[in-house]
2 protein chains.
Amino acid sequence: MNAEEIEDWTEDDGYGLRPEVFAALREGLEVRDATVIDEIMDPLHAADIADLLEQIEPEERRELIEIWHGRLDGEILSEIEDNTREEILGYLSPAQLSFAVRDLESDDVVDLVEYLDEEQQEAVLEVLEPLDRVAVEKALAYPEESAGRLMQVETVRAPEHWTVGEMIDYLRAHPEELPEQFYHVILIDPRMKPIGNVGLGRLMSSRRNVRLRDIREEMFRTIPVEQDEGEVAYAFNQYHLISAPVVDEDGRLVGVITIDDAMIVLSEENEEDLLRLAGVGEHTISDRVVATTRQRLPWLAVNLVTAILASLVIAMFEDVIAGFVALAVLMPIVASMGGNAGTQSLTVAVRAIATKDLTGSNVLRVIRREVLVGLINGTIFAVVMGIVGLVWFGSPMLGLVIAIAMVINLVVAGLAGTVIPVALEKVGVDPALASGAFVTTVTDVVGFLAFLGLAALILL
Amino acid sequence: MNAEEIEDWTEDDGYGLRPEVFAALREGLEVRDATVIDEIMDPLHAADIADLLEQIEPEERRELIEIWHGRLDGEILSEIEDNTREEILGYLSPAQLSFAVRDLESDDVVDLVEYLDEEQQEAVLEVLEPLDRVAVEKALAYPEESAGRLMQVETVRAPEHWTVGEMIDYLRAHPEELPEQFYHVILIDPRMKPIGNVGLGRLMSSRRNVRLRDIREEMFRTIPVEQDEGEVAYAFNQYHLISAPVVDEDGRLVGVITIDDAMIVLSEENEEDLLRLAGVGEHTISDRVVATTRQRLPWLAVNLVTAILASLVIAMFEDVIAGFVALAVLMPIVASMGGNAGTQSLTVAVRAIATKDLTGSNVLRVIRREVLVGLINGTIFAVVMGIVGLVWFGSPMLGLVIAIAMVINLVVAGLAGTVIPVALEKVGVDPALASGAFVTTVTDVVGFLAFLGLAALILL
């Protein structure tokens, strides 16, 4: 392998790992050649190494880490998803662990250990410097998924009466105290309450005698330390924040959250909604069979109950079906169209609730629209299915029955697809998690009931 | 209304608008009192005003803007979603428009005008300063959804041999040339090629005689100007970038993209995937009835075709059903369970493809897992449904038929739910858009075929 070949393992037209890296790595693992492995891994970014570790087989993973052990640093570890990380931490020695976490900021250590079992958590905490350990333990005392878990305790702050010159002199005198990345100097009052932010660009381009309070940013928001991380991500996205001070109950500065952490949360929250809508809980592509089976089973069980409910409706009409088997052929169409239309409405509603775009102020308008859309689409597909029913089975009456049932079910789908998520949100249930089962039950039951009921009335 | 009441219209325990703001606003609109309206609107952040404008009725919106016209600035306009913004731009006068866009950076103007029709676009471009206009027109020449559309052309750059002191003196001497927000000084070579980034924190805490090249960041990536914005967002998220220089074909600096823009794209891409998976195209909660109907219709039409396909399968077994109506009662259960299991698998696969976590290196392992999960869950629900079939209809044979069909369909669901999105991605079709229809067709057809076919074999 020559230097040019290994120069860049990421895709030419984008990012992520190129397939060749895996082939080369497997060759290297086969001959257990540390030099080859180093040549492959060294040019990679920590995030790409993490992806690579997630994507190879568990045995390959263990072997790779053994050969390459000196290089598995904390940055890579914090990029790896929970299950794989837990597995790796299971066979790292205390020395390797201590090497891995020594350069991490407090928020990254928290991120690393918060979902570990107690024993593994203790093993990591033990190798930390005493001061860092206190910071991490303090963060772990805040609720899960709160601002306190997300923030770093290292802040850059100054009294508002300082001048630009004083600030720069201070920063130059204490470079070792500064966080790796920071975007604002936080202005504080004598009781440690944050009262403003000074952006570094503004600070740098201002004369030495200008007071910090005179160049603070217009936009300033503090984040309560117990706030849910979803709300934090919403605030960063909504107000285009870059960093925001975190305050305790008394309004005193306890840390700072930066946009890169908020971006990760935003991405996770979106993923959570997507997976929940599909009836998959927390899930990653590297989960094992047993874990995956367990995550999928509950939703399938719920679906079984709703499917049996629908079957009970069908069973009420067994005699009708026996007399007119074409009904059995056509009935899934009505239910399926209703289910799909309902899913469309509920997905739009769930997303709009998550982004706070569907609120009490416009819910009636949205419901009205969804019902109207159901009416229009229902009518269009009623005409189509009426003709299909007529041509296929030669029965105008059957065409009429399926047409009317289609309109009814698509209107109900629009109504249920909006009302159900809004109602779930009101009573404090995550609409992404539970809406699907409710809406499908409604459209299945109404679909079969309308179609078979009308058939019983009109055809018999 | 006293001052305390209007002090903060956003939620106490989070962000977003409080319901009271809408009630107060409607009162103000009724009496057409500009003072009342100003009192309500002035404390609100631009992003919240945009949400408010989206959530009220179109007539209220027009009235509000009329009364409050002087205050609708470019920041608010760029926060409003496309449809509502187009509507508003339709009735703004050139003077109002010119006021609105005068303070915007070039990337925000591009964002504002890129999806307008030509006439409206021209109206906005006309009110820009000549230099700004050139910058915007240049950006509009780049492909839609490319880095060129996303970047701002205002950059802060310096030759690498400069010292910290020279840099600070330069910034202080040219404050009017600086972008509103910037996070790095981009180091360039004599041919304008970016060769490194210096973070402002590091710059500020270094002594005046230190050379910029000695304090540049380890992590440095440039973005090609024609790169897709989805890839840009991926890079920011994967590599935790804060800002990155954009280069033209020759590698020369043409602009810079900052994390707040990348975060918006990331959020949009996630939304797109979510909505596409549910068969909803580009959609916002404020769309009108006709637009919504048009967006939903194609997917419902596709679903109708797949539902009719499934019906054709059922029709093959009309005689069997006529002889054994219980089959009609139970058959939707098998299809429904398969559809749900398939949706679970495909959602996980689509998400993992989007985050580049499902690649050629692990696709076989994921397929193997999905099939195994289908086998295990299929067996569990086979036992349950076997018992239900036996108890409900008193037929052990019927129980056996539904049990076997359940296992077959859940295994097929796991296979199709992974193979179909991966194959679509390979041939360049967005898996989020098309997987659902294919997978549901497979699980419906296989579900009915397995259940009714087995019934024909075993029961008759």
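Basis of the calculations
- Residues numbered from 1 in each chain as written.
- Chains lettered and ligands numbered in written order.
- Predicted model: local features only at pLDDT ≥ 70, side-chain atom pairs only at ≥ 80, totals over all residues.
- Heavy atoms only, no water.
- Helix = DSSP H or I, 4+ residues; strand = E, 2+ residues; numbered from the N terminus.
- Rg over C-alpha atoms; globule rule 2.2 N^0.38 Å.
- Buried < 20%, exposed > 50% of the residue type's maximum accessible area, 1.4 Å probe, protein only.
- Contact = heavy atoms within 4.5 Å.
- Areas by Shrake-Rupley, 256 points an atom, 1.4 Å probe, with all protein chains shown as cover.
- Lys, Arg positive; Asp, Glu negative; His and termini not counted.
- Charge placed at Lys NZ, Arg CZ, Asp CG, Glu CD.
- Phe/Tyr/Trp six-rings, centres within 6.5 Å; stacked < 30°, edge-to-face > 60°.
- Lys NZ or Arg CZ within 6 Å of the ring centre and 35° of its normal.
- pLDDT = per-residue confidence, 0-100.
- Salt bridge = Lys/Arg side-chain N within 4 Å of Asp/Glu carboxyl O.
- Expected span 1.5 Å × (residues − 1).
- Arc of directions from axis to C-beta.
- Buried area = accessible area lost by both parts, 1.4 Å probe.
- Polar contact = N/O pair within 3.5 Å; in protein donor to acceptor, adjacent residues only side chain to side chain.
- Nonpolar A, V, L, I, M, F, W, Y, C, P; charged D, E, K, R; others polar.
- Pairing = 2+ DSSP bridges.
- Axes fitted to C-alpha atoms, helices over the stretch in contact; angles between N-to-C directions.
- Parallel < 35°, antiparallel > 145°, perpendicular 65-115°, else oblique.
- Left-handed = near helix turned anticlockwise from the far one by under 90°.
- Least-squares fit on C-alpha atoms with pLDDT ≥ 70 in both.
- UniProt positions renumbered as here; feature names shortened; annotations may be inferred.
- Patch = residues over 30% accessible without salt bridge, like charges linked within 9 Å, V, L, I, M, F, W, Y side chains within 5 Å.
- Core = buried A, V, L, I, M, F, W, Y, C linked by side-chain atoms within 4.5 Å.

## Structural notes on the overall build of chain A
Phase 1: In terms of regular secondary structure, chain A is built from 22 helices and 6 strands.
Phase 2: Here chain A has a C-alpha radius of gyration of 29 Å; the compact-globule value for 460 residues is 23 Å, and the former is much larger.
Phase 3: A principal-axis box enclosing the C-alpha atoms of chain A has dimensions of 90 × 65 × 45 Å.
Phase 4: The proportion of buried residues among the 460 residues of chain A is 57%.
Phase 5: Long-range contacts, defined as pairs at least 24 residues apart, comprise 66% of the intrachain contacts of chain A with a sequence gap of at least 6.
Phase 6: Of the accessible surface of chain A, which amounts to about 19,000 Å², a share of 54% is contributed by carbon and sulfur atoms.
Phase 7: The centroid of the 33 positive side-chain charges in chain A is displaced by 10 Å from the centroid of its 79 negative side-chain charges.

## Re the packing of aromatic side chains
Phase 1: Here the structure, examined in full by the defined rule, presents 5 aromatic pairs over all chains.
Phase 2: Positioned above the aromatic ring of A:Y234 is the side chain of A:K356, whose terminal nitrogen or guanidinium carbon lies 4.8 Å from the ring centre.

## A word on the confidence of the model for chain A
Phase 1: When pLDDT is averaged along chain A, the result is 89; 96% of the residues meet or exceed 70.
Phase 2: A low-confidence stretch, residues 1-9 of chain A (pLDDT under 50), is modelled with 17 contacts involving residues beyond four sequence positions or located in other chains.

## A short note on the pattern of salt bridges
Phase 1: Summed over all chains, the structure comprises 40 salt bridges over all chains.
Phase 2: Here A:E87 ties to A:R288 by a salt bridge, and the two come within 3.8 Å at their closest N and O atoms. Taken together, the positions of A:E87 in helix 7 (residues 82-89) and A:R288 in the loop between helix 16 (259-277) and helix 17 (289-315) put the pair 201 residues apart, joining distant regions of the chain.
Phase 3: Ionic pairing is found between B:K356 and B:E231, a salt bridge with its closest N-O pair at 2.8 Å. Residue B:K356 is found in the loop between helix 19 (326-354) and helix 20 (363-393), and its partner B:E231 is found in helix 15 (residues 229-239); the two are separated by 125 residues along the sequence.
Phase 4: Overlapping salt bridges bring together A:R32, A:E63 and A:E66 as one network.

## Regarding helix 2 (residues 19-30) of chain A
All names here are of chain A.
Phase 1: Over its 12 residues, helix 2 runs 17 Å from end to end, which matches the ideal 16 Å to within 8%, given 1.5 Å per residue.
Phase 2: The set of residues buried in helix 2 consists of V21, F22, A24, L25, G28 and L29. The buried side chains of helix 2 occupy one side of the element, clustering within an arc of 165° when seen end-on. Exposed and facing more than 90 degrees away from the buried side of helix 2 are P19, E27 and E30.
Phase 3: Contact partners of the buried residues in helix 2: helix 3 (34-41), helix 4 (46-55) and helix 5 (58-67).
Phase 4: One or two steps after helix 2, the chain reaches R32, where phi turns positive at roughly 50°.

## Considerations on the interface of chain A and chain B
Phase 1: Every contact between the two is made by 135 residues of chain A and, on the other side, 136 residues of chain B.
Phase 2: Note on chain A versus chain B: buried area summed over both sides is about 11,500 Å², and carbon and sulfur give 63% of it.
Phase 3: Here chain A is connected to chain B by 6 salt bridges.
Phase 4: Here A:R351 and B:E271 are joined by a salt bridge, their closest N and O atoms 2.5 Å apart.
Phase 5: The interface formed by chain A and chain B holds 44 residue pairs in polar contact (both at pLDDT 80 or more) in total.
Phase 6: No other element matches helix 19 (residues 326-354) of chain A, which puts 18 residues into the side of chain A that touches chain B.
Phase 7: Here the side of chain A that touches chain B is built from residues that sort into 74 nonpolar, 34 polar and 27 charged.

## A look at the sheet that holds strand 1 (residues 157-159) of chain B
All names here are of chain B.
Phase 1: One open sheet accounts for 3 strands, arranged 1-2-3; its pairing is mixed. Unpaired on one side and paired on the other, strand 1 and strand 3 (194-199) mark the two borders of the sheet. Between one strand axis and the next, the sheet turns through 35° on average, direction left out of account.
Phase 2: In this sheet, strand 3 lies alongside strand 2 (residues 184-188) in antiparallel orientation, the contact comprising 5 bridges. Its bridge partner being in strand 3, I186 is matched across the sheet by N197.

## Thoughts on the packing of helix 2 of chain A against helix 3 of chain A
Residue and element names in this part refer to chain A.
Phase 1: Viewed as axis vectors pointing N to C, helix 2 and helix 3 meet at an angle of 160°, and their least axial separation amounts to 8 Å. As far as their axial angle goes, helix 3 and helix 2 are roughly antiparallel. Where helix 2 crosses over helix 3, the handedness of that crossing is left-handed. Taking contact as the criterion, the partners of V21, A24, L25, G28 and L29 in helix 2 are, on helix 3, V36, I37, I40 and M41.
Phase 2: Of the residues belonging to the contact of helix 2 with helix 3, the class tally is 8 nonpolar, 1 polar and no charged.

## Here we look at unusual backbone geometry
Residue and element names in this part refer to chain B.
Phase 1: For E145, which is not a glycine, the phi torsion comes out positive at approximately 55°.
Phase 2: Note on placement: E145 falls in the loop between helix 11 (130-140) and helix 12 (147-150).
Phase 3: For E145, a relative accessible area of 30% translates into the label partly exposed.

## Details of the sheet that holds strand 5 (residues 243-247) of chain A
All names here are of chain A.
Phase 1: Strand order in this open sheet of 3 strands is 4-5-6, and the pairing throughout is mixed. Since the sheet does not close on itself, it has two edges, and those belong to strand 4 (223-224) and strand 6 (253-258), each with one partner.
Phase 2: Its contacts with the sheet place helix 15 (residues 229-239) against strand 4, strand 5 and strand 6, and it is angled at close to 60° to strand 6.

## Quick notes on the relation of the copies chain A and chain B
Phase 1: Expressed as a screw transformation, the operator carrying chain A onto chain B has a rotation angle of 180° and an axial translation of 0.0 Å, and the superposed copies differ by an RMSD of 0.1 Å. Expressed as a symmetry operation, the mapping of one chain copy onto the other fits a two-fold axis.
Phase 2: An overlap of 100% is found between the interface residues of chain A and their copies at the interface of chain B, pointing to a shared contact surface.

## A look at the UniProt feature "domain: CBS" (unreviewed entry) in chain A
Phase 1: Residues annotated in UniProt with the feature "domain: CBS" (unreviewed entry) correspond here to residues 215-272 of chain A.
Phase 2: In the segment residues 215-272 of chain A, helix accounts for 43% and strand for 22%; the C-alpha atoms at its two ends are 40 Å apart.

## A few points about a nonpolar patch on the surface
Residues and elements named next belong to chain A.
Phase 1: On the surface, M397, L400, I404, I408, L457 and I458 cluster together to form a nonpolar patch covering roughly 500 Å² of accessible area.
Phase 2: Secondary structure elements with two or more residues in the nonpolar patch: helix 21 (396-426) and helix 22 (431-459).
Phase 3: At 4 residues, the largest contribution of residues to the nonpolar patch is made by helix 21.

## Quick word on a negative patch on the surface
All names here are of chain A.
Phase 1: Among the surface-exposed residues, E86, D117, E118 and E119 lie close enough to one another that they form a single negatively charged patch.
Phase 2: Secondary-structure assignment places E86 in helix 7.
Phase 3: Note on E86: relative accessible area 32%, which makes it partly exposed.

## Quick notes on the environment of B:G386
Residues and elements named next belong to chain B.
Phase 1: Summarising the element assignment, G386 is placed in helix 20.
Phase 2: For the pair G386 and P396, spaced 10 residues apart in the sequence, the C-alpha separation amounts to 7.7 Å.
Phase 3: Among residues more than four places away in sequence, those in contact with G386 are G399 and I402.

## Overview of the nonpolar core
Phase 1: A:M331, A:M406, A:F451, B:M331, B:M406 and B:F451 are the most contacted members of the largest nonpolar core, which has 79 residues in total.
Phase 2: Other than its neighbours up to four places away in sequence, B:M331 contacts A:A328, A:M331, A:P332, B:I314, B:I321, B:F448, B:F451 and B:L452.

## Focus on the packing of helix 19 of chain A against helix 19 of chain B
Phase 1: Interaxial distance between helix 19 of chain A and helix 19 of chain B falls to 10 Å at its minimum, and their mutual angle equals 25°. Classed by the angle they form, the pair helix 19 of chain A and helix 19 of chain B counts as roughly parallel. Considering the relative orientation of helix 19 of chain A and helix 19 of chain B, their crossing is right-handed. Together, A:A328, A:M331 and A:P332 of helix 19 of chain A and B:A328, B:M331 and B:P332 of helix 19 of chain B make up the contact between the two elements.
Phase 2: Taken together, the residues of the contact of helix 19 of chain A with helix 19 of chain B sort by class into 6 nonpolar, no polar and no charged.

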